[in-house]
Each structure stands twice: as C-alpha cells, then as structure tokens.
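The residues making up each chain are set out below.
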Amino acid sequence: MRPAIHPVYEAVVFRDKSAGTAFLTRSTIVTRDLPTVEWEDGRTYPVWDVDVSAASHPFWTGTARVLDTEGRVEKFRRRYARP
C-alpha cells in the first residue's frame, strides 16, 4: 500500500442521547476536536453523538406510528377521475 493516503482508522464511541445508549467501534471520523468519554474498559475514547441509531429508530424499536391513510386514495380518484 502507498503510505499517507489512507484515513486514520481508530476506536470511537457512538452515543445516542435520545435512547441513552452507546457503542464502541472503529471509524475514520476525524477525532481531533471531539470530546472524550471514559469507556467500560477504563480507556478514554473520542465520542460522537448521533441523533438516531438502531436503539431509537421507530422501525427497529417497534414504536412506529401508523398514519391514517383511509380516504387518501378515494380523494385522489375523485380529484383526478376521468369525466
């Protein structure tokens, strides 16, 4: 491999504040200016806060709301019906 062309691949903690969960993985995110957190193993890692993860996404948690679609098809057919 050619030197100095690949991004740095290091451990990062991804934290979902809405679900209160976090997981440690490796990423190529630039961690220079990120805050840090002490992990379960006693080491300090940079932390990246995410808005949605599998722990808080409605599809994966089973809390998805079903929208009431009754009448939408009929309204469409009335509006664009051929005379």
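Residues numbered from 1 in each chain as written. Predicted model: local features only at pLDDT ≥ 70, side-chain atom pairs only at ≥ 80, totals over all residues. Heavy atoms only, no water.

## Describing the packing of aromatic side chains
Applied cut-off: Aromatic rings from Phe, Tyr and Trp, taking only the six-membered ring of Trp, are treated as a pair when their centres fall within 6.5 Å; an angle between ring planes under 30 degrees marks them as stacked, one over 60 as edge-to-face, and anything in between as tilted. Burial classes follow relative accessibility: with a 1.4 Å probe on protein chains only, a residue under 20% of its type's maximum area counts as buried, one over 50% as exposed, and anything between as partly exposed.
This model, assessed by the stated rule, comprises two aromatic pairs. With a centroid separation of 5.7 Å and an interplanar angle of 20°, the aromatic rings of Phe14 and Phe23 are classed as stacked. Each ring, one from Phe76 and one from Tyr80, has its centre 5.0 Å from the other, and the planes form 50°; the classification is tilted. Taking the relative accessible area as the measure of exposure, Tyr80 reaches 54% and is therefore exposed.

## Let's talk about the pattern of salt bridges
The cut-off we apply is this: By definition here, a salt bridge exists when the distance from a side-chain nitrogen of Lys or Arg to a carboxyl oxygen of Asp or Glu is within 4 Å. Strands here are runs of E lasting at least two residues and helices are runs of H or I lasting at least four, both read from the DSSP assignment and numbered beginning at the N terminus.
Scanning the entire structure with this criterion turns up two salt bridges. Across the salt bridge formed by Lys17 and Asp49, the nearest N and O atoms sit 3.8 Å from each other. Taken together, the residues span a long stretch of sequence, with Lys17 in the loop between strand E1 (10-16) and strand E2 (21-27) and Asp49 in strand E4 (residues 44-50) at a distance of 32 residues. When its relative accessible area of 36% is taken as the criterion, Asp49 is described as partly exposed. Overlapping salt bridges bring together Arg15, Lys17 and Asp49 as one network.

## Some words on the side chain of Thr31
Quick note on the threshold: Between two residues, a contact is recorded if the distance between any of their heavy atoms is within 4.5 Å.
Here Thr31 lies in the loop between E2 and strand E3 (36-38). The exposure class assigned to Thr31 is buried, which follows from its relative accessible area of 16%. Not counting chain neighbours up to four residues away, the residues in contact with Thr31 comprise Glu10, Val12 and Pro46.

## Here we look at the sheet that holds E4
As a reminder, the rule being used: A pair of strands is treated as paired once DSSP finds two or more bridges between them. The convention used is that axes are lines fitted to C-alpha atoms, helices contributing only their stretch in contact, and that angles between N-to-C directions extend from 0 to 180 degrees.
A sheet is described by the order of its strands in space; here four strands give the open sequence E2-E1-E4-E3, paired in mixed fashion. The strands lining the two open edges of the sheet, one partner per strand, are E2 and E3. Mean inter-strand twist for the sheet, computed between neighbouring axes without regard to direction, equals 45°.

## A few points about unusual backbone geometry
Residue Ala4 is not a glycine yet carries a positive backbone phi of 65°. Taking the relative accessible area as the measure of exposure, Ala4 reaches 83% and is therefore exposed.

## As for the confidence of the model for the protein chain
Here is the rule we go by: pLDDT expresses, on a scale from 0 to 100, how confident the predictor is about each individual residue.
When pLDDT is averaged along the protein chain, the result is 85, and 88% of the positions lie at 70 or above. Ranking the elements of the protein chain by mean pLDDT puts helix H1 (residues 58-61) last with 70 and E3 first with 95.

## Points about the nonpolar core
This is how it is decided: The definition of a nonpolar core used throughout is a set of buried Ala, Val, Leu, Ile, Met, Phe, Trp, Tyr and Cys residues joined through side-chain atoms within 4.5 Å.
Counting residues in each nonpolar core, the largest one holds five residues, listed as Ala11, Val13, Trp39, Tyr45 and Val47. Elements supplying a minimum of two residues to this core: E1 and E4. The residues contacting Trp39, other than those within four sequence positions of it, are Val13, Ala22, Phe23, Leu24 and Tyr45.

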